Structures are given as structure tokens and as C-alpha cells.
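Listed below, chain by chain, are the residues.
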Amino acid sequence: MTLLGLVGVGRIGALHARTLHGLPDVEVVVADVQSGRAEALAGSLGVRWAPDIDSLLRTELDALVVATPTGSHAELIERGVAAGVPVFCEKPVAENSAKTLEVIKSVDKYGGRVQIGFQRRFDAGYAAARAEVRAGALGRVHTLRAQTCDPFPPPAGYIATSGGIFRDCSVHDFDAIRWVTGREVVSVFASGSDRGEAFFAEFGDADTAAAVVHLDDGSLAVVTATRYHGAGYAVTLDVQGSRGSVGAGYDDGLPLRPVGADGGGTWPKGPAHAGFLERFRQAYVGELEAFVEYAKGRIENPCPVGDALEALYVAEACDLSRAENRPVTIAEVRR
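What counts as what
- Residues numbered from 1 in each chain as written.
- Predicted model: local features only at pLDDT ≥ 70, side-chain atom pairs only at ≥ 80, totals over all residues.
- Heavy atoms only, no water.
- Helix = DSSP H or I, 4+ residues; strand = E, 2+ residues; numbered from the N terminus.
- Expected span 1.5 Å × (residues − 1).
- Buried < 20%, exposed > 50% of the residue type's maximum accessible area, 1.4 Å probe, protein only.
- Arc of directions from axis to C-beta.
- Polar contact = N/O pair within 3.5 Å; in protein donor to acceptor, adjacent residues only side chain to side chain.
- Phe/Tyr/Trp six-rings, centres within 6.5 Å; stacked < 30°, edge-to-face > 60°.
- Lys NZ or Arg CZ within 6 Å of the ring centre and 35° of its normal.

Trainee: Describe helix 5 (residues 97-110), listing the residues and the values that go with them.
Mentor: Spanning 14 residues, helix 5 covers 20 Å between terminal C-alpha atoms, matching the ideal 20 Å at 1.5 Å per step. All of the buried residues in helix 5 are Ser-97, Thr-100, Val-103, Ile-104, Ser-106 and Val-107. Down the axis of helix 5, the sector holding all buried residues measures 165°, keeping them to one side. Facing away from the buried side of helix 5 by more than 90 degrees, the exposed set consists of Lys-105 and Lys-109. Two or three places before Ala-98, at the start of helix 5, stands the capping residue Asn-96, its side-chain oxygen 3.2 Å from that residue's backbone nitrogen. Looking at the residues trailing helix 5, positive phi occurs at Gly-111, about 60°.

Trainee: Outline the packing of aromatic side chains, listing residues and values.
Mentor: A full pass over the atoms with the stated rule returns three aromatic pairs. A ring pair is formed by Phe-88 and Phe-291, whose centres lie 5.7 Å apart and whose planes are at 55°; its orientation type is tilted. Here Phe-88 is found in strand 5 (residues 87-90), whereas its partner Phe-291 is found in helix 11 (residues 281-295), with 203 residues between them in sequence. Grouping residues by exposure puts Phe-88 and Phe-291 together as buried. Note on Phe-199 and Phe-200: the rings are 4.8 Å apart at their centroids and 35° apart in plane angle, and the pair reads as tilted. On the basis of relative accessibility, which here comes to 14%, the residue Phe-199 falls in the buried class. Given the relative accessible area of 0%, Phe-200 is considered buried. Over the ring of Phe-280 we find Arg-279, and its NZ or CZ is 4.3 Å from the ring centre.

Dropping the structure here:
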């Protein structure tokens with residue numbers, strides 16, 4: 001039996017707790033800064049709970065899952081690796097690349113094992129696109145188009161601490177592009193607009209954004225994101241090559257309505273995806289199944305901390321590009 005401690009039982013943490021509880025040979029202990037939330041979730045699942053995070057970390061855990069707010073990720077990763085347990089942590093590792101580098105140094109110091117939660121790596125469509133690219137089935141890849149579209153914006157309080165649309169939303173696309181293609185980003189040119197709620201401009205954020213991304217083999221990617229996609233939650237990745245093209249995310253829940261002469265059908269065929277928890281439900285299961293196997297030493301790390309840092313560099317380059325209205329190389333932000 002593998003004993004996993006889970007810190008943070010908010011929306012994503014509660015989902016992870018339910019997922020882990022359903023895995024074979026896994027026992028879960030949950031904790032939260034609001035002990036009442038942890039106790040309530042534990043009661044509903046029939047699992048153990050700890051009255052606080054310190055008590056949880058004193059338990060003889062086999063692994064630790066971190067699903068707390070961003071500001072606590074670095075500390076909890078470092079405490080986990082110092083205790084000698086494998087750690088799964090939701091992205092981001094830390095608020096910025098400088099702090100992320102400090103975490104990486106701690107992980108290296110203790111010989112720690114840390115998997116970061118970029119769940120699109122475990123989505124069937126993204127995995128299939130990667131397989132086709134790596135097998136050469138598309139020929140020379142020249143263009144990628146990625147989008148992340150929320151149906152409505154989160155509260156102002158979330159935007160205030162989110163790090164901005166490129167770090168919060170598009171960072172998933174940046175990671176997916178690197179993972180699918182096996183190429184590195186060399187430069188970006190990004191822009192954004194804030195025609196929605198006033199708090200986006202107040203916090204220096206954008207509610208809609210776009211970036212042209214140059215990869216090291218000369219291929220181009222266009223990445224877009226918005227907080228106002230009223231048709232529903234939409235996440236896709238198109239990969240075009242000299243011999244073929246594929247698209248991930250074009251399932252029956254994609255909120256895209258065909259129009260024109262050939263647009264007489266109905267799409268989505270099923271209800272539009274309401275949000276990321278629904279759209280990536282199986283991917284979240286897959287990444288935690290992989291983490292349990294990784295914690296047991298049976299597989300290689302499917303998403304190392306260093307990969308999260310590379311995606312963050314791209315997001316930080318986009319922030320700088322948007323602020324200064326110019327192309328920015330990754331070398332300018334790399335530390």
C-alpha cells in the first residue's frame with residue numbers, strides 16, 4: 001500500500017483526492033490550511049485527514065501531492081524533497097523563474113524527485129499528436145496553433161495573484177508545444193487586450209492574448225488565450241506538416257459551430273465543455289497514475305521541474321514582449 005499525503009483540498013485538490021482514493025493500493029491522507037475543509041472531504045471519501053500541514057508532513061508518507069495556491073508551492077516542494085519523498089505539484093513551481101531556479105537547486109541538493117502537473121501530456125489527443133510528430137508521419141512540421149479559452153473570467157482576487165494570462169493559461173500551451181515537437185522556443189512576439197472587466201487592466205493583465213512563437217528549427221506557433229469564450233471551454237492544438245496535419249481537442253464537447261455552405265451539422269454533438277476539470281478529467285487521472293508509478297521507481301519522470309522552468313521562460317518572455325511591444329528572445333529572460 002502506498003501512502004500519499006495531499007496538501008490543499010480546493011477545487012483541483014478535491015479532484016485529486018477522489019482520483020487517488022480510487023487508485024488500487026493507494027491510501028490517501030488529506031490536509032488543508034482550513035482544517036474543516038480537509039475533515040469534510042475526508043469524511044465524504046472515507047479517508048484519513050491531518051489537522052494541519054505540519055502534522056501531515058510528519059506522517060511516514062511514501063509521496064506527497066501539492067495542490068495548494070501558487071505562493072506555497074516552492075516551500076512545500078522543498079519540504080517534501082528534504083523529507084526524502086517524491087512530490088507531485090500543480091504548476092507553477094513558483095511565482096517566477098528566479099524562485100523556480102532556487103527550487104531546482106533544492107531538488108538537486110536532496111536528490112529529490114518532483115513531477116509537475118502539466119496534465120495535457122496525458123490527454124489522448126496531445127499524446128497522439130506527439131506520437132505522429134515523433135514518428136515523422138506529418139513530414140516537416142512548420143506550423144502549430146494552440147488555444148486556451150475560458151468561458152468566463154475568474155474573480156478579481158484570482159487575477160491579482162495569477163501571474164497573468166501567459167503564465168496562468170498559455171503556459172500549458174507552451175509546455176505542450178515543446179513536448180509535442182521536441183523543439184525549443186527561441187523567441188516570441190506577444191500582445192494582449194483588456195476589453196472586459198476593469199480588474200484586468202488594474203492588475204496589469206490581459207483578458208485576451210496572442211503570441212507568435214519561433215522554434216529552434218524554424219517552425220512557427222501561434223498561441224491564443226481568452227477569458228471570455230462564452231460558447232464554452234475550448235482547448236486545441238493543431239500541428240501542420242509538409243505531409244499531413246492533425247488536431248488535438250476536436251471532440252464532441254469542443255464549442256465550435258460550423259457555418260457556411262457545409263456548416264449544416266451540429267457541433268458540438270454533445271454538451272460543450274464547461275471547464276478544465278471536465279475537459280481534462282481523464283488526463284488528470286492519467287497524470288496521477290503516472291505519479292504513483294514514478295514514486296515507486298517504475299517509470300521515468302513524465303514532467304520534470306526543468307520542463308516547467310522552460311515553459312515559464314516562454315511565458316515571461318511573452319510578458320516582456322507585451323509590455324515593450326517588441327520581439328523577445330528566450331535568452332533575454334533565461335537566468
